[in-house]
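Here is what each chain is made of, one letter per residue.
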Amino acid sequence: MKHSFLFCLIAIFGIPVSVLAQNKLVVNADQGHEIISKHIYGHFSEHLGHCIYGGYWVGENSPIPNTRGIRNDVVNALKEVQIPNLRWPGGCFADEYHWMDGIGPRNQRPKMVNTHWGGVTEDNSFGTHEFLDLCEQLGCEPYICGNVGSGSVEEMSKWVEYITFDGESPMANLRKQNGREKPWKVKFWGVGNENWGCGGNMTADFYADQYRRYATYCRNYGSNQLYKIAGGANSGDYNWTEVLMKSAGNQMQGLSLHHYTLPKTWSDKGSATQFDEAEYFTTIEKTLFMEELLTKHSTVMDKYDPRKRVGLIPDEWGVWYNVEPGTNPGFLYQQNTLRDAIVAGINLNIFNTHCDRVKMTNIAQTVNVLQAVILTENEKMLLTPTYWVYWLYKVHQDAVLLPVSFSCNQYESNGKKIDAVSVSASKDASGKIHISLVNIDPNKEQRIEGELRGVTLKSVSGKALTSAKINDYNTFEQPNTVSVKDFKGAKINKGTLSVTLPAKSVIMLEIE
Ligand code: AHR
């Protein structure tokens with residue numbers, strides 16, 4: 001109806017199609033009270049494949065430029081996206097990690113088998129001191145996940161004491177003996193990981209009891225106030241959230257959630273780079289499920305915590321494909337295309353929009369594993385398309401979420417339809433407005449007419465991430481195939497914003 005009316009207008013008045021905006025965006029720029037926590041832009045790094053070893057840690061004697069064994073190129077790249085926090089040491093690895101094996105002189109540390117990830121020998125050369133040094137170099141907050149599955153309450157309690165107690169105590173003394181006089185500040189602690197699965201195969205009731213025991217003995221020392229994050233649900237397991245909130249909600253500050261996007265099945269997840277439009281569509285459709293997940297988990301949490309004191313923390317999310325041919329299946333090494341940038345842009349828009357409940361998220365996993373933002377090969381490093389989304393979106397960190405209403409076209413493929421454009425908007429401390437837009441449609445550009453209520457528009461500028469093909473990616477030989485360019489497709493005309501989004505693109509607009 002709407003379109004035939006427009007065609008009548010064209011026919012009668014001769015209005016050219018190009019001036020008819022297809023999508024209508026309203027940004028309430030004088031409203032908004034929720035802050036988009038910078039921690040929504042967090043990362044996750046596990047002892048898995050070449051994430052820690054080779055990805056960050058090369059050792060002090062490596063020819064690769066490093067600071068106390070940690071590679072400088074990776075640190076600099078992550079600082080550039082203002083990485084706000086880093087979750088470590090797992091993942092499934094966390095529930096078989098014994099932190100005391102990773103302190104003291106490196107050549108005396110015991111070795112272990114990394115049973116989850118390739119059965120390789122872990123020599124514990126990257127432990128607590130190295131991780132906290134990495135976080136200091138990055139200028140980000142550490143988020144440590146404790147061992148509930150195969151550890152003990154005492155072990156986790158002592159880890160907190162070792163790291164954060166400023167005074168005379170057995171653990172603080174041990175820390176000093178290992179070269180660190182002053183305690184670190186570590187606020188974020190996870191109490192186990194996937195305790196419904198690799199973290200102990202527990203029932204929700206059993207884990208809720210365990211959570212309360214462990215959390216009781218994780219103490220606040222001095223001004224180091226802990227933010228304790230309970231191990232949360234597997235994707236749409238709303239009962240897990242219900243049980244945890246009911247039994248332990250008053251003893252946690254956060255509740256995690258894990259959800260991965262797989263285009264196909266767990267046995268054949270699909271290729272990271274070789275996919276057709278149908279598989280692209282399915283990947284995006286599955287990505288959009290994050291909206292439903294957050295809404296439903298939040299609804300359960302609202303029942304027990306209507307004032308939204310407890311944060312919902314999707315601390316593992318991202319795309320999961322088949323490993324690159326010829327690589328160790330236990331190392332989860334996959335390439336990263338423009339499709340993955342689109343997925344990241346959509347997810348981050350969804351997280352921003354839910355920032356009243358979502359207080360932190362962690363994409364899996366920063367370097368060389370799953371939806372990595374960085375890939376390394378010996379001394380070489382490249383930035384993936386997903387990296388550039390974090391680079392574009394850093395302006396949303398700690399900004400005020402602006403309410404938007406948006407009516408948009410549909411992207412249609414094989415008779416199925418989804419919204420063609422994803423959006424979120426924020427206002428930063430200096431008053432600049434940022435609008436992140438993702439054109440999901442791989443074939444068509446999208447014209448948007450935007451009204452920003454409550455402000456006078458002076459100027460608009462933008463940056464764009466796109467490429468010729470949806471499965472384009474960066475290689476060590478051609479690292480800039482998918483990278484950010486200036487965007488000239490936005491204009492202000494008589495107080496109205498008009499934008500033309502290229503097909504398959506992620507755009508960040510800055511408006512003053
Ligand atoms: O990120 C890879 C694995 O996925 C993590 O170790 C685990 O928590 C999840 O199942």
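Look up a bit, the structure's there.
Fair warning: this is a prediction, and the values are worked out from it, not measured in the lab. (Residues numbered from 1 in each chain as written. Predicted model: local features only at pLDDT ≥ 70, side-chain atom pairs only at ≥ 80, totals over all residues. Heavy atoms only, no water.)

Caption draft 1: Fine view of the state of the cysteines. Per the counting criterion, the structure on display carries one disulfide. Bridging Cys92 to Cys198, the disulfide has an S-S length of 2.2 Å. Looking down the S-S bond of the Cys92 and Cys198 bridge, the torsion is -90 degrees, so its handedness is left-handed. With a gap of 106 residues between them, Cys92 in the loop between strand 5 (85-88) and strand 6 (112-114) and Cys198 in the loop between strand 9 (188-191) and helix 6 (204-216) connect regions that are remote in the sequence. Overall, the relative accessible area of 11% leaves Cys92 in the buried class. (Disulfide = S-S within 2.5 Å. Helix = DSSP H or I, 4+ residues; strand = E, 2+ residues; numbered from the N terminus. Buried < 20%, exposed > 50% of the residue type's maximum accessible area, 1.4 Å probe, protein only.)

Caption draft 2: Inspection of the pattern of salt bridges at higher detail. Applying the stated rule across the entire model yields 28 salt bridges. A salt bridge links Glu449 to Lys24; its shortest N-O distance comes to 3.4 Å. Residue Glu449 is found in strand 22 (residues 446-453), and its partner Lys24 is found in strand 1 (residues 23-28); the two are separated by 425 residues along the sequence. Residue classification places Glu449 among the partly exposed residues on the basis of a relative accessible area of 29%. Using a relative accessible area of 31% as the deciding quantity, one classes Lys24 as partly exposed. (Salt bridge = Lys/Arg side-chain N within 4 Å of Asp/Glu carboxyl O.)

Caption draft 3: Highlighting the sheet that holds strand 23 (residues 460-466). Pairing is antiparallel across the open sheet formed by six strands, whose spatial order is 16-20-21-27-23-24. With one partner strand each, in any of the chains shown, strand 16 (400-401) and strand 24 (483-487) form the two edges of the open sheet. In this sheet, strand 24 lies alongside strand 23 in antiparallel orientation, the contact comprising five bridges. Across the sheet, residue Thr466 finds its bridge partner in strand 24, namely Ser483. Sitting on the sheet, helix 9 (residues 338-353) touches strand 16, strand 20 (421-427), strand 21 (433-439), strand 23 and strand 27 (505-511), and the angle it makes with strand 20 is about 50 degrees. (Pairing = 2+ DSSP bridges. Contact = heavy atoms within 4.5 Å. Axes fitted to C-alpha atoms, helices over the stretch in contact; angles between N-to-C directions.)

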